[in-house]
Amino acid sequence: MNLYKGYEMVIGLEVHIELKTKTKIFCSCSTEFGAQPNMHTCPVCMGLPGVLPVLNRKVVDYAVMAGLATNCTIARFSKQDRKNYFYPDLPKAYQISQYDLPLCEHGYLDIETSDGSKRIGITRIHIEEDAGKLVHDEKFGTMIDCNRCGVPLIEIVSEPDIRSAEEAKAYLQKLRAVILYTGVSDCKMQEGSMRCDVNLSVRKAGEKEFGTRTEMKNINSFQFVVKAIEYEYKRQVDAIEAGETVIQETRRFDPDTGKTYAMRSKENANDYRYFPDPDLPPIELTDDEIHELGLRIPELPDARKARYISDFGLSAYDAEMLTADKYLADYFENVAAFTSYKKLAANLLLGEFTKLNTAEYFECPVEPKSFAALADLVGNETINSSTAKKLATRMWNDGIDPEEAVTSEGLEQINDTSVLTELAKKAIDASPKSVADYKKGKASAFKAIIGAAMGMSGGKANPAKLSSIAEEMLNSSK
Amino acid sequence: MSELTNRSVTRHIKALADGEYSSAELTAEFLKEIEKTDGHIGAYLLTDTVGALNAAEASDKRRSAGCLLSCIDGIPAGIKDNICTKGVRTTCASKMLEDYVPPYDATVITKLKDSGFVMLGKLNMDEFAMGSSTENSAFKITKNPVDVSRVPGGSSGGSAAAVAAGEAAYTLGSDTGGSIRQPASFCGVVGMKPTYGRVSRYGLVAFASSLDQIGPITRTVCDNAIILNAVAGHDERDATSLDIQTGNFSRLIGKSIAGITIGLPDEFFGDGLDDDVRRCVLDAAKAYESMGAKIVSVSMPSVKHALAAYYVISSAEASSNLARFDGVRYGYRAKSFDDVAGLYLSSRSEGFGKEVKRRIMLGTFALSSGYYDAYYKKALQVRSLVKADFDSIFHKCDAILSPVAPTAAYRIGEKTSDPLAMYLGDAYSVPVNIAGIPALSLPCGKNAEGLPVGMQLMGKDFTEDLLYQLGAAFEAEKGEQI
C-alpha cells in the first residue's frame, strides 16, 4: 500500500444485510422484493396507533448463524432497543434495533490481499428493522412506500482494522461470500439487500491515536466503496496538510463525480435516545439452541478453499476466486464431479465463464456435465485450449454440445508430427524477418512464428508439440 | 337513572336468560339513558346507536336459536377511546386523532365480539390517558355523576362516569398509573387493574408500554370478574402478554376469607391523606378483621420514590410512543408548513394538548444523552426496589389494603393550574403499575360531603381471583344489593 503524503487510512465498515426470512421481523407481511408500493404492509409495519411488535424468531436464528459463520460469540441474553428519530420513511418514529446488548460480538474474518492474509475484527452483529422508502415523483411529490418497513436486517460492524481500499473490498467480498454460504441472505447490492457505510479517518503512519472520522453512508457497490475510500482518504490528508481540521460528519458519496459531500455534522446529529423497547421481552438463547443453529451452517468459503487446494490441486488464488461466489463454487463442484481434469475445469471456468457472466452472482446456462466434457476434451488433448475457449463462448451463448461440435466441425487438435512439421516449415519459410530476429536472440520473434503456424492450422495445432518441433527446426538451421 | 340501566351485569345475565327483557330492549334503554343523561355528564365522545341495536338484535337471534356466545352476550358496554375499534373513530380524546378510524380491532374488542358484544360508544378520557381528572380531554369535560360540580377522576373518567350514571352496563378502561382505579373510586364503582400481561395491549394506543393495562369498570365486584374472564388471556400479537392459564376469576367469590392476611402499609396512611378517606379505609380493615381476616401493619420504604420514578418512566416511554403522531400518514396535519421539519413541528404543536406536550418534553429530556443515567436508569432502579418491597410484603401477607387516592373527587378546575398537585394524587396508585401487580378499587364508604371513597386491594402477580374474593366479601358485608 502506497501511503499518500505519509498518512495511513483507518477504516471501519458497517454493513447492513437483509435477512431472507419469508416474513418481516415484527409482523407476518411478506419480505419479497419488487411488489407494488405498500402492498406488503399491515397495521403493525405501518406503525398504526395501538399495534405491537412480536419478534419473528427466524430472525434470531439467521442472525446467530451469521454470527457463528463470522466467528462471533453469541449472547445468551440480549435485548432490543428503540432508536428514536423522525423521518417520513420511519412510521413509528423509532427503529427497533439493539444498543448495548447485541446478539453477536467479538468475531473476525480472514481476508487475502496482495500483501498476504490479514484478520479483520468484527465488533458486533445486531438485528434491527429496515425503514421504508421515499419515492420522489414530479407530479405527486414525495410518496412513501412502506413495503420495506420491518424487513429484518443485521448490521455487521467491523473493528477499525482496515487500512486500504483493497482490504475493504476484500473484507466485503469475504463477508458477502460467508453470509451467502450460510443462506441467511441474498446479499444483492443491486436490490439493496446489502449496503455499506464506511467510517474513515487518517493519521500519520506509525501514530497510535485515531484521527477524526467521517462516515459515508449507504454505498451500494464494491466499486463505489473503493472509489469513495480513495477520494475521502486524499481529501482528509489534503485538508490536514492544508492546516484544516477534519470534521466528524456524515458524507455522501456521489458515484457520478466520484467525490464525497458533507451531509450533516456531529453538532446537528440526532440524539437517538436509545432505551429498551418495553414491548419486547429480552432474547434468550440456550447453549443447545446455539449448537443446533451451528449445525445448520454448511461448509464455509475458507473450508472449501482449503479443500480445493488439497483435493483438486488448485492454486490458492484460483481457489479463493472460485469460493468467493457461492454459486460459482457450487457450479464448479458439479462440474468437478464429472471430470478428472478439475484444475483445467477451474481455469476454463475462471477464464471464460466468469467473463461471460453479467449477473451479480454466477448464473450459468450450461449444464455442468457438458462443461465437464469440455474440460475432458482439453485434458485428453483432443482439442487445444484456444479451441476450448472458443467453444466455451459458443456453449454459453448458443448452447452447443462441445463433443458434437468437435466431431462435426473437425476441431480436433493436430497431433500428427509430420503435419506439424509441415506447418512449422511453412511458417518459418513465410517469416524471414522473424527468423532473422529470432536468430539475433529476440524471444518474441519465436511467438510470431508459432502464431503464424497456428493460424495456418486453423488454430487446431497442438501448441506444445508445434513449439518444440519449430524450435528444433530453427536451432538446427542456425 | 332508570331502574334497568342501574342493574348489575349479573342481574342482566339472569333477566336476559329469564326473558324478562331482550338485548335489543336493554340496549334501547341504555341508549335512551345516554340521550337523557349524557348531555350533562359528558361520558361519551361517540355513540353508535345503529351498531349497538344491530348487535343487540343479532344477540337476541342467537339467544332464540340457543347458540349464545357467552354469558355476557348482548349486554351493552362502553369502551375507553384509546382502545381501537375497527371502523369506529378512536380519538384518544386528542385533536391529533380527531378523525382517526382504525382499520383493525384491539384484541379486547375481538374477544368481546367473540362473546356477543354490544358497543354503545366510545368514552371520554384525558388526552392519551395523561391526567387524573379527564379535564385534559381535547373535546369535553366529563362530570362526576355523584356530584356534577366535581371531576370523575381520570384518565378513564368517561368509563367510570358511564357506569356510575347507568349509561353502560360495564366499560373498559386502561390503567397506567391509576387510571382505572382512581376514577372508579371517585365515581363509586369497581375497577380492576389486572396483572401486567394479563390482558392483551394489542390495539390499546400506547401511553407507557411497560405500565399500561386494560381492565373492566363495573358496578359490582362480581361483575368485574365476569368481564375480566371475557377479556383476559394470552395473545400472540402482544409479546408482553402472559402465556398462562387464566382460569375463572370468579372462582373464589363467596368463599370465606377467614385466615387471609391483609397488610396495611404505613406509608399509604401518612401525611397528605384526607381524614375521611383514612377513616373509611381503616373501617374497611376492621370489617375484614370481623370477617376473620388477619390485619397486619407493613412497611414499603421505597414508595416515596415510586411517584417520581413513575413520572420518569411513563413520560420517557410516552415520548417515544407518541412520536409516530407526526402528521405524515394519519391524524392531524398542520395547515401550513415549509418543510418536513416544519410539518412535524406545527402538526405536533397544534395537535397535542398542553399536558401531553409536557410529558413528551419531560420524557425526551429523561432519555437524552447525558441525562439517561440520572433519570431513566435511576427510575428503573427504583422500579426494582418497589418490586422488591412488594415481594417482601407478600411473604408476610396475602393482600395489601390502602386508599386509592388521597382525597375523594375534587371540584372541576380545582387542580388544573397545578400539575404537580395533580401528580401527587397518583401516589397510592402508581406503585402497583411499577410492580406490575393486580389491584382492585372498590367503594368503601362516603366522606362528610357524601362523596364516594374508594379502597385499593393489591395482590401479588396473578391473584386477581383473591382480590375479587376479598372485594366481594366486603361488598356482601357492607353493600346494598344492585
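Residues numbered from 1 in each chain as written. Chains lettered and ligands numbered in written order. Predicted model: local features only at pLDDT ≥ 70, side-chain atom pairs only at ≥ 80, totals over all residues.

Q: What is the right way to read the overall build of chain A from this model?
A: For chain A, the helix and strand inventory stands at 15 helices and 16 strands. Across its three principal axes, chain A shows a C-alpha extent of roughly 90 × 55 × 55 Å. Residues counted as buried form 41% of the 478 residues belonging to chain A. (Helix = DSSP H or I, 4+ residues; strand = E, 2+ residues; numbered from the N terminus. Buried ≥ 20, exposed ≤ 12 C-beta atoms within 10 Å, placed from the backbone.)

Q: Would you explain the overall build of chain B in this entry?
A: Each helix and strand in chain B was counted, giving 15 helices and 11 strands. Its C-alpha atoms give chain B a radius of gyration of 21 Å, within 12% of the compact-globule value 23 Å for 482 residues. When the backbone C-alpha atoms are referred to their principal axes, chain B occupies close to 65 × 55 × 45 Å. Taking all contacts inside chain B whose residues are at least 6 apart in sequence as the whole, residues at least 24 apart take part in 76%. (Rg over C-alpha atoms; globule rule 2.2 N^0.38 Å. Contact = placed C-beta atoms within 7 Å.)

Q: Could you clarify how one ought to interpret the sheet that holds strand E11 (residues 452–459) of chain B in this entry?
A: Consider a sheet: its strands pair through backbone hydrogen bonds, and that pairing is either parallel or antiparallel. Residues and elements named next belong to chain B. Spatial ordering of the open sheet is given by E1-E3-E2-E4-E6-E5-E10-E11-E9-E7-E8, a layout of 11 strands whose pairing is mixed. Each of the sheet's edge strands pairs with one partner strand only, and the pair in question is strand E1 (44–47) and strand E8 (294–298). Shown here is a sheet whose adjacent strand axes are inclined to one another by a mean of 30°, direction ignored. For E1 and strand E3 (residues 118–123), the ladder comprises 3 bridges, and the chain directions are antiparallel. When the bridges of E3 are listed, Thr47 appears paired with Gly121. Here helix H2 (residues 23–41) sits on the sheet in contact with E1, strand E2 (76–80) and E3, set at roughly 20° to E3. In the packing of helix H7 (residues 221–231) onto the sheet, the strands contacted are strand E4 (170–175), strand E5 (190–193), strand E6 (213–218) and strand E10 (439–446), and the crossing angle to E6 comes to about 145°. (Pairing = 2+ DSSP bridges. Axes fitted to C-alpha atoms, helices over the stretch in contact; angles between N-to-C directions.)

Q: So what exactly am I meant to see when it comes to the pairing of strand E11 (residues 194–204) of chain A here?
A: The two faces of a sheet get side chains in turn, since along a regular strand they alternate between them. Where strand E1 (residues 7–18) of chain A meets E11 of chain A, 11 bridges bridge the pair, whose relative direction is antiparallel. Bridge pairing in E11 of chain A links Ile17 of chain A to Met194 of chain A.

Q: Which parts of the structure should I look at to understand the packing of helix H8 (residues 342–356) of chain A against helix H10 (residues 385–398) of chain A?
A: When two helices pack together, their arrangement is given by the angle between their axes and by how far apart the axes lie. Residue and element names in this part refer to chain A. Direction vectors running N to C along H8 and H10 enclose 40°, while the axes themselves pass 10 Å from each other. Taken as axis vectors, H8 and H10 run oblique relative to one another. Both H8 and H10 take part in a crossing whose hand is right-handed. Mapping the contact onto sequence places Leu348, Glu352, Phe353 and Leu356 in H8 and Ala388, Lys389, Ala392, Thr393 and Trp396 in H10. For the contact of H8 with H10, the class distribution of residues is 6 nonpolar, 1 polar and 2 charged. (Parallel < 35°, antiparallel > 145°, perpendicular 65-115°, else oblique. Left-handed = near helix turned anticlockwise from the far one by under 90°. Nonpolar A, V, L, I, M, F, W, Y, C, P; charged D, E, K, R; others polar.)

Q: Would you mind going over the domain arrangement of chain A with me for this structure?
A: Put simply, an interface is often sized by how much accessible area is lost when its parts join up. Partitioning chain A into domains gives domain 1 (7–292), domain 2 (301–409) and domain 3 (417–476). Centre-to-centre separation of domain 1 of chain A and domain 3 of chain A, based on C-alpha positions: 59 Å. (Domains from an automatic or database assignment.)

Q: Got a minute to help me understand the interface of chain A and chain B in this structure?
A: Every contact between the two is made by 24 residues of chain A and, on the other side, 34 residues of chain B. Split into classes, the residues belonging to the side of chain A that touches chain B amount to 16 nonpolar, 3 polar and 5 charged.

Q: Got a minute to help me understand the nonpolar core in this structure?
A: Here is a general trend for soluble globular proteins: nonpolar side chains tend to be buried in one another's company. Ala63, Leu103, Tyr171 and Val198 of chain A together with Ala399 of chain B are the most contacted members of the largest nonpolar core, which has 227 residues in total. With 11 residues, helix H2 (residues 165–182) of chain A is the largest single contributor of residues to this core. Non-local contacts of Val198 of chain A, meaning those with residues more than four positions away in its chain, are made with Ile11, Leu13, Met216, Ile219, Val225, Ala228 and Ile229 of chain A. Of all hydrophobic cores here, the second largest spans 32 residues; its members include Ala336, Ala373, Ala375 and Ala392 of chain A. (Core = buried A, V, L, I, M, F, W, Y, C linked by C-beta atoms within 7 Å.)

Q: Can you walk me through unusual backbone geometry in this structure?
A: For residues besides glycine, phi is generally negative; the peptide bonds are generally trans as well. A cis amide bond links Gly154 of chain B to the next residue, Ser155 of chain B, at an omega of 10°. Considering the arrangement of structural elements, one finds Ser155 of chain B in the loop between E3 and helix H5 (157–164). In this structure, Arg273 of chain A takes a positive phi of about 45° despite not being glycine. One non-glycine residue with positive phi stands out, namely Thr134 of chain B, at about 65°.

Q: Before we go on, may I ask you to explain the sheet that holds strand E15 (residues 275–276) of chain A in this structure?
A: Spatially, E5-E4-E15 (chain A) is the arrangement adopted by the 3 strands of the open sheet, whose pairing is antiparallel. With partners counted over all chains shown, the strands left at the sheet margins are strand E5 (94–97) and E15 of chain A, one partner each.

Q: Please explain the pairing of strand E8 (residues 133–137) of chain A as it appears in this structure.
A: All names here are of chain A. Counting buried positions along E8 gives 0 out of 5 residues, so the element sits mostly on the surface. Across 5 bridges, E8 lies against strand E9 (residues 141–145) in antiparallel orientation. Opposite Leu134, over in E9, you have Ile144 as the bridge partner. Here E8 folds back onto E9, and the loop between the two strands holds 3 residues.

Q: What should I look at first to understand the confidence of the model for chain B in this one?
A: For any part of a model where pLDDT is low, the fine detail of the predicted coordinates should not be relied upon. Per-residue confidence for chain B averages 95 on the pLDDT scale, and 99% of its residues sit at or above 70. The complex prediction reports pTM at 0.89, with the ipTM value standing at 0.95. (pLDDT = per-residue confidence, 0-100.)

Q: Could you clarify how one ought to interpret the environment of Arg304 of chain A in this entry?
A: Residue and element names in this part refer to chain A. Secondary-structure assignment places Arg304 in helix H5 (residues 301–312). Each C-alpha atom of the pair Arg304 and Phe446 lies 41 Å from the other, and the pair is 142 residues apart in sequence. With residues near it in sequence (within four places) discarded, Arg304 still touches Glu299, Thr323 and Ala329.

Q: Can you walk me through the environment of Gln223 of chain A in this structure?
A: Among the structural elements, Gln223 of chain A can be located in helix H3 (residues 222–241). Considering only alpha carbons, one finds Gln223 of chain A and Thr113 of chain A, 110 residues apart in sequence, at a separation of 16 Å.

Q: Mind showing me how you'd approach the environment of Ile226 of chain B here?
A: Residue and element names in this part refer to chain B. Among the structural elements, Ile226 can be located in helix H7. Judged by the 26 C-beta atoms lying within 10 Å of it, Ile226 falls in the buried class. It is 29 Å that separates the C-alpha atoms of Ile226 and Asp147, two residues lying 79 residues apart in sequence. Ile226 has contacts with Val9, Cys71, Ile72 and Ser250, leaving out every residue within four places of it along the chain.

Q: Would you take a moment to explain the packing of helix H1 (residues 57–69) of chain A against helix H4 (residues 287–295) of chain A for this structure?
A: Residues and elements named next belong to chain A. Following both chains from N to C, one finds H1 and H4 inclined at 70°, their axes separated by 9 Å at the closest point. When the axis of H1 is compared with that of H4, the two are roughly perpendicular. Along the contact surface, H1 presents Asp61, Val64, Met65 and Leu68, while H4 presents Ile290, Leu293 and Gly294. Across the contact of H1 with H4, the residue classes break down as 5 nonpolar, 1 polar and 1 charged.

Q: What is the right way to look at helix H10 (residues 340–351) of chain B in this model?
A: Given 3.6 residues to a turn, an α-helix orients residues that are three or four positions apart in the same direction. Residues and elements named next belong to chain B. Across its 12 residues, H10 extends 16 Å between first and last C-alpha, which sits within 8% of the 16 Å expected from 1.5 Å per residue. Among the residues making up H10, those that are buried are Tyr344, Ser347, Arg348 and Gly351. Considered in projection along H10, the buried side chains sweep an arc of 90° and stay on one side of the axis. Relative to its buried face, H10 has exposed residues pointing more than 90 degrees away, namely Ala341, Gly342 and Ser349. (Expected span 1.5 Å × (residues − 1). Arc of directions from axis to C-beta.)

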